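Structure assessment
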Amino acid sequence: MDAHIYIHIPFCLSKCRYCAFSSVVSKDIPEERYISALLKEAALCRERGIFPSGLIETLYIGGGTPTLVTPSNIKRLIDGLRGIWSFSESAEVSVEANPVTLDANYVIELKKTGITRVSMGVQTFSSRLLSYLGRIHTPERSIQSFRYLREAGFDNINIDLIFGIPIEKQEELDADLDWIEMLEPEHVSAYLLEHEPGTWFADVTPCDEDSVIGFFSKIEDRLRGMGFIHYEISNYARPGFKCRHNLAYWKYRPYLGLGASAVSCVREGTRWRNIKDPYEYMVRIEKNISPVEYVDNFSADEILFEKRFLSLRTAQGIDIHDMPKNVPPSLFNIKGSRAVLTKEGMLVSDEIFSML
Ligand code: SF4
């Protein structure tokens, strides 16, 4: 059976205004100790029988800011995991990168670690919007970092974009898409800005609905025009470059999360989450205490709902018999026995999901 691993690196150089992810701001991260704790947790999971015969198809190192970790420790982590589980020969090994942490030397070393895919948190190429979002990098840094990655030989790069920023102008989105056209990444993730509770944006009035629809339509039209396949509500890939790790989540495949605040679902119906504080996480692992803080069990109905919900987000869609009754058929494309959301359907997907 295929198996998937997520690693959480919970450290960042500063906190972005919109961010609700679990991360600690630190310039001096305890990377040796944290990587050792990750490898120890992995070995304990293996001893407990997790993925006994599974072949690791994807490994995703996310955060936080994983590229705060030196390439030598990223290599130690990947090599260590390869010593604990068998990896598929074509395993996808991704890392999230903050443009501000990359330079020519870093990416050359990163290429030697076994990383096959880099997901870069560009968000926008507008310096005005970057500072409004509380990002510390500049558009020039994103462009330069992307070029460093290409020169180092990375041939599978994702660019993350955020749209629907309350002060965003149409011409700023156009410029973002112009840069995508020039840089030619293999993959683009375009997320609507979320105004999460507890963040600076929580009390800011969101972008109006008409603008969001306009932004979404522009992104979809332009990226499709560039040859991208729109394979999930927020994700676009060139042929052959869908993110296999995220596809595994959407297909409800088993995944193990390692590290502070990482979530695991290695058996259908049970999900657990590790403790969020990275320092407490390390202490627990060092003292052989389980880092798991929270376990959730799901009923058969809840599992069914989640499977439909995840599948409907993707170009896979759902079985036509599972289509919600009260939704206008025009919001679905029927492909054989599958019902897939149209662009208009994606724009009201939250309402459709609530009827599943
Ligand atoms: S770099 Fe990413 S994880 Fe870190 S604070 Fe910003 S959005 Fe959050």
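Residues numbered from 1 in each chain as written. Predicted model: local features only at pLDDT ≥ 70, side-chain atom pairs only at ≥ 80, totals over all residues.

Some details on the overall build of the protein chain
- The helix and strand tally for the protein chain stands at 12 helices and 17 strands.
- What you see for the protein chain is a C-alpha radius of gyration of 20 Å, in line with the 21 Å of a compact globule of 356 residues.
- Along the first, second and third principal axes, the C-alpha set of the protein chain runs to 55 × 50 × 40 Å.
- The 356 residues of the protein chain split such that 40% are buried. (Helix = DSSP H or I, 4+ residues; strand = E, 2+ residues; numbered from the N terminus. Rg over C-alpha atoms; globule rule 2.2 N^0.38 Å. Buried ≥ 20, exposed ≤ 12 C-beta atoms within 10 Å, placed from the backbone.)

Considerations on the pairing of strand β6 (residues 117-123)
- With 7 of its 7 residues buried, β6 lies for the most part within the structure.
- Burial along β6 is two-sided: the face carrying Arg 117, Ser 119, Gly 121 and Gln 123 and the face carrying Val 118, Met 120 and Val 122 are both buried.
- Alignment of strand β5 (residues 86-97) against β6, held across 4 bridges, turns out to be parallel. Bridge pairing in β6 places Glu 96 opposite Ser 119.
- For β6 and strand β7 (residues 157-163), the ladder comprises 4 bridges, and the chain directions are parallel. Across the sheet, the residue bridging to Val 118 is Ile 157, located in β7. (Pairing = 2+ DSSP bridges.)

Describing the environment of Tyr 191
- Tracing the backbone through its elements, the reader meets Tyr 191 in strand β8 (residues 187-192).
- Taking the C-alpha atoms as reference, Tyr 191 lies 20 Å from Ser 23; in sequence the two are 168 residues apart.
- Filtering out sequence-adjacent residues up to four positions away, Tyr 191 remains in contact with Ile 162 and Ser 234. (Contact = placed C-beta atoms within 7 Å.)

Brief notes about the nonpolar core
- Counting residues in each nonpolar core, the largest one holds 78 residues, and the members touching the most others are Ile 5, Ile 7, Leu 38, Leu 59, Val 118, Phe 163 and Val 188.
- Contacts of Val 118, omitting those with residues within four sequence positions, involve Val 95, Ala 97, Leu 149, Phe 154 and Ile 157.
- Within the second largest apolar cluster, 8 residues are counted, among which are Leu 331, Ala 339, Leu 341 and Ile 352. (Core = buried A, V, L, I, M, F, W, Y, C linked by C-beta atoms within 7 Å.)

Some points on the pairing of strand β1 (residues 2-9)
- Within β1, 7 of the 8 residues are buried, which leaves the element mostly enclosed by the surrounding structure.
- Sheet topology places β1 next to strand β4 (residues 55-63); 8 bridges connect them, and they run parallel. The partner of Ala 3 across the bridge, within β4, is Ile 56.

Some thoughts on helix α7 (residues 209-225)
- The end-to-end C-alpha separation of α7 is 24 Å, in line with the 24 Å expected for 17 residues at 1.5 Å each.
- Within α7, burial applies to Phe 215, Ile 219 and Leu 223. Projected down its long axis, α7 shows its buried positions confined to an angular sector of 45°, all on one face. Turned more than 90 degrees away from the buried face of α7 sit Glu 209, Asp 210, Asp 221 and Gly 225, all of them exposed. (Expected span 1.5 Å × (residues − 1). Arc of directions from axis to C-beta.)

A word on the domain arrangement of the protein chain
- Each domain of the protein chain was delimited in the assignment, giving domain 1 (2-250) and domain 2 (310-356).
- Just the C-alpha atoms count here: the centres of domain 1 and domain 2 sit 27 Å apart.
- Listed as interface residues are 8 residues of domain 1 and, on the opposing side, 9 residues of domain 2.
- Elements supplying a minimum of two residues to the side of domain 1 that touches domain 2: α7 and β9 (229-232). (Domains from an automatic or database assignment.)

Brief notes about the environment of Ile 136
- As for its placement among the helices and strands, Ile 136 is situated in the loop between α4 (127-133) and α5 (139-152).
- A sequence separation of 82 residues divides Ile 136 from Lys 218, and the C-alpha atoms of the two residues are 27 Å apart.
- For Ile 136, the residues in contact, after removing those within four places along its chain, are Leu 13, Ser 14 and Val 100.

Details of the sheet that holds strand β15 (residues 318-319)
- Spatially, the 3 strands line up as an open sheet ordered β15-β17-β16, and their pairing is antiparallel. Two strands bound the open sheet, and with one partner strand each, they are β15 and β16 (332-335).
- Judged from the 4 bridges that link them, β16 and strand β17 (residues 338-341) form a sheet pairing that is antiparallel. When the sheet's bridge partners are listed, Lys 335 is paired in β17 with Arg 338.

Some points on the packing of helix α1 (residues 31-47) against helix α9 (residues 278-286)
- Two elements in contact, α1 and α9, have axes separated by 9 Å at closest approach and are oriented at 50°. It follows from the interaxial angle that α1 and α9 lie oblique. The element α1 and its partner α9 pack so that their crossing is left-handed. Only Pro 278, Tyr 281, Met 282, Ile 285 and Glu 286 of α9 make contact with α1, whose side of the interface consists of Arg 33, Tyr 34, Ala 37, Lys 40 and Glu 41.
- Across the contact of α1 with α9, the residue classes break down as 6 nonpolar, no polar and 4 charged. (Axes fitted to C-alpha atoms, helices over the stretch in contact; angles between N-to-C directions. Parallel < 35°, antiparallel > 145°, perpendicular 65-115°, else oblique. Left-handed = near helix turned anticlockwise from the far one by under 90°. Nonpolar A, V, L, I, M, F, W, Y, C, P; charged D, E, K, R; others polar.)

Here's the deal with unusual backbone geometry
- Note the cis peptide between Gly 63 and Gly 64, where omega equals 20°.
- Looking at the element boundaries, Gly 64 is found in the loop between β4 and α2 (71-84).
- Even without glycine at this site, Asn 288 takes up a positive phi of about 60°.
- Classification of Asn 288 as exposed rests on a count of 8 C-beta atoms within 10 Å.

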